[in-house]
Amino acid sequence: MSELSTMMNAATMRVRKPHIEAIMALGVSWRTIGQVGEYQAPFGVMNGIVADTGLFEPGDGPSHVVQPVIMAGAVIDIVAWRTMRPDRWHLITGLGWCMGEDQLCRPAGVPTILHATPLEWLAEGGRGACILDWSAAELVTLRSLDAIEVPDTGLAKMLRQRLSQPIKLPRINVRRGTAHAA
């Protein structure tokens, strides 16, 4: 088990009735928590601070809701946010660019659902995806999707803006080498 998986398991074990009630007050049903819990830890509780780097550092500090960021079945990052500001989150490693990345592979004609926050992703039972890092290089993979469904015009505008940015190409040099004898 990876260090992040161990951290997430410990955070899940810290969840108590007041934490569940706080999440439910934010619009997440008991049933939805159970649905997500069938295939991953729905959420946990961890203390920590946001470092100067923008990353979340577990340790002393206020309590945060944490959720695993999973890729290919492994926890690659943990996203942390406060119940009073679910629209602001921070990653522990910075490797997680998207929650629900496996949901990005949809059949033609079936829109990919994109949520604005990790809380909204949880409230929808982990269906769809949530972009965690809008500057991630992987964001360009969304261009290949047939259709994307978003909950509001604000997210649609941000998505349109990010996906219409020109692709940066590297400078390509042709190396002039010496001829090699056969």
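Structure's up top.
Residues numbered from 1 in each chain as written. Predicted model: local features only at pLDDT ≥ 70, side-chain atom pairs only at ≥ 80, totals over all residues. Heavy atoms only, no water.

Chemist: Pulling in residues and values, what's your account of the sheet that holds strand β1 (residues 44–50)?
Modeler: Pairing in this open sheet of four strands is antiparallel, and the strands run β1-β2-β3-β4 from one edge to the other. With partners counted over all chains shown, the strands left at the sheet margins are β1 and β4 (85–91), one partner each. Between one strand axis and the next, the sheet turns through 50 degrees on average, direction left out of account. Pairing of strand β2 (residues 56–71) with strand β3 (residues 74–82) involves seven bridges; the strand directions are antiparallel. Paired with I70 across the strands is V75, a residue of β3. (Pairing = 2+ DSSP bridges. Helix = DSSP H or I, 4+ residues; strand = E, 2+ residues; numbered from the N terminus. Axes fitted to C-alpha atoms, helices over the stretch in contact; angles between N-to-C directions.)

Chemist: Break down the layout of surface pockets for me, with residues and values.
Modeler: Each pocket or cavity is described by its volume, and for the largest pocket that value is around 220 Å³. As for the largest pocket, its lining consists of 15 residues, and the residues nearest its centre are Y39, Q40, I70, G100 and D102. Looking at the lining of the largest pocket, the element that brings in the most residues is β2, giving four residues. (1 Å grid on protein atoms, 1.4 Å probe; cavity = no way out; pocket = protein on both sides within 12 Å on 5 of 7 lines; lining within 4 Å. Points joined across faces, edges and corners; volume = space filled by probe spheres on them.)

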